[in-house]
Amino acid sequence: MRTTVGIIGGGPAGLLLARLLHRAGIDCVVLEARTREYVEQRQRAGMLEQGTVHALREAGAAERLTAEGLVHQGIELRFDRERHHIDFPSLTGGRTVTIYAQTEIVKDLVALQLAEGPPLLFEAEALAVEKPESDRPVVRFRHEGHEQTLTCDWVAGCDGFHGVSRDAFPAGVGRSYGHEYPYSWLGVLAEVPPSCDELIYARGDGGFALHSMRSPAVSRLYLQVPNGTDPDDWPDDRVWDELAARFAIDADWTLNRGPITAKSVTAMRGYVHEPMRHGRLLLAGDAAHIVPPTGAKGLNLAVSDVRVLARGLVELHRTGSTQLLDGYSELCLQRVWQASRFSDDMTKMLHAQPDGDAFDHRMQLARLRRITASRHAAAELAANYSGLPLPL
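Thresholds applied
Residues numbered from 1 in each chain as written. Predicted model: local features only at pLDDT ≥ 70, side-chain atom pairs only at ≥ 80, totals over all residues. Heavy atoms only, no water. Helix = DSSP H or I, 4+ residues; strand = E, 2+ residues; numbered from the N terminus. Rg over C-alpha atoms; globule rule 2.2 N^0.38 Å. Buried < 20%, exposed > 50% of the residue type's maximum accessible area, 1.4 Å probe, protein only. Contact = heavy atoms within 4.5 Å. Lys, Arg positive; Asp, Glu negative; His and termini not counted. Charge placed at Lys NZ, Arg CZ, Asp CG, Glu CD. 1 Å grid on protein atoms, 1.4 Å probe; cavity = no way out; pocket = protein on both sides within 12 Å on 5 of 7 lines; lining within 4 Å. Points joined across faces, edges and corners; volume = space filled by probe spheres on them. Nonpolar A, V, L, I, M, F, W, Y, C, P; charged D, E, K, R; others polar. Domains from an automatic or database assignment. Buried area = accessible area lost by both parts, 1.4 Å probe. Salt bridge = Lys/Arg side-chain N within 4 Å of Asp/Glu carboxyl O. Polar contact = N/O pair within 3.5 Å; in protein donor to acceptor, adjacent residues only side chain to side chain.

Looking now at the overall build of the chain. The number of helices and strands found in the chain is twelve helices and 20 strands. Against the 2.2 N^0.38 benchmark of 21 Å for 392 residues, the chain shows a C-alpha radius of gyration of 21 Å, consistent with a compact globule. For the C-alpha atoms alone, the extent of the chain along its principal axes is close to 65 × 40 × 40 Å. A total of 392 residues make up the chain; the buried ones form 56% of that total. Sequence-distant contacts, at least 24 apart, represent 71% of the contacts inside the chain between residues at least 6 apart. Side-chain charges of the chain comprise 42 positive and 51 negative groups, with the mean position of each set lying 3 Å from the other.

This part takes up the layout of surface pockets. Taken as a whole, the second largest pocket spans an internal volume of roughly 270 Å³. Around the second largest pocket sit 14 residues that line it, and Arg341, Asp345, Met349, Ile371 and Glu380 are the ones nearest its centre. Breaking the lining of the second largest pocket down by element, the ones donating at least two residues are helix H10 (328–350), helix H11 (358–373) and helix H12 (375–386). Considering every element that reaches the lining of the second largest pocket, the biggest residue donor is H10, with six residues. For the lining of the second largest pocket, a count of residues per class yields six nonpolar, two polar and six charged. When residues are assigned to domains, the lining of the second largest pocket turns out to be shared by domain 1 (2–72 + 99–179 + 269–351) and domain 2 (182–267 + 355–385), each giving three or more.

With domains assigned, the chain is organised as domain 1 (2–72 + 99–179 + 269–351) and domain 2 (182–267 + 355–385). Taken together, the two surfaces of domain 1 and domain 2 that pack against each other cover about 2200 Å², and 64% of this comes from carbon and sulfur. Sorting the residues of domain 1 by area buried against domain 2 places Met349, Leu350 and His351 first, and these three jointly supply 32% of that buried surface. Where domain 1 packs against domain 2, one counts one salt bridge. Ionic pairing is found between glutamate 380 and arginine 341, a salt bridge with its closest N-O pair at 3.8 Å. At the boundary of domain 1 and domain 2, one finds eight residue pairs in polar contact (both at pLDDT 80 or more). Only strand E4 (70–72) and H10 provide two or more residues apiece to the side of domain 1 that touches domain 2. Here the element with the most residues in the side of domain 1 that touches domain 2 is H10; it accounts for eight residues.

Take a look at the structure:
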């Protein structure tokens, strides 16, 4: 097989890149190792920065998003049994965020891809990226029981943290930075209307809790738990009781309870690989960086990578210039490190530290009170949460 851009990974990053290239008249092929059913049901993020919404609209993939997405004006912080609203539009010059599940984004992009092209191969497992330094890199993959090759002008590695793309960087070419957090998230999906109009970030006596939603009828909630936690150790009643305790405030508010349909535990980590390009292989999304989910940056960072990458490939296609592609890694890493800093700040401010003492607890409260008492501090949080501008 032969194409201009070989895209490894059929998640939101790879699918959005394919969509943007297709609309610009650039041919590509997407290789996805999993089945369509698996990809469309994989539970992930659901908070979209305004720039992410714009990118999906630009790609012609926002019809359902516009109809069903829940626009939020801010978030609520809870601590010391108090509630504090952070109003994004008044602090950012009008920016908002939108709740729309990643599963739905993937469904939308898959449907467009299969209806309009370019080719999308499911159960096509990428085995290696070969000759990335040449002008004809090759992706070796297995599909329908046979090993095949895809010869490309460029390869986009959108295959996540455990994919093969990053392995194609020779030893000594890149450097990785990583951090493991001493706690995890127990996430639950519940068939119950949300108990809030906007996301609640809570620092309770037992640790962190987050109240999010997937739709007006489905709630998504998270609890800080120790690393190594087994979801089976958390029966439904225990989950609801602990959530209620961490969200508790001295006001008239009740946590809605209902059937829990899914439970999972997510480890918390930070990771950045530098650079994000080697030869004609360019990494995007989780293949290059992971952030703890507290700042809701993972999906949004992947989309911003893809927007920069697509602009670079379109510029090359239209003018022959590689200027944007040559600066791809540096441009993206500026945003990646700022998002990593913000996510780390939010994580450490809101989570109970397993080895922390009373001093650490009071420092966390002081940081939270700084945000709720200072317009400048609140504006800094709002600007980062709603999305910093692309470095272009």
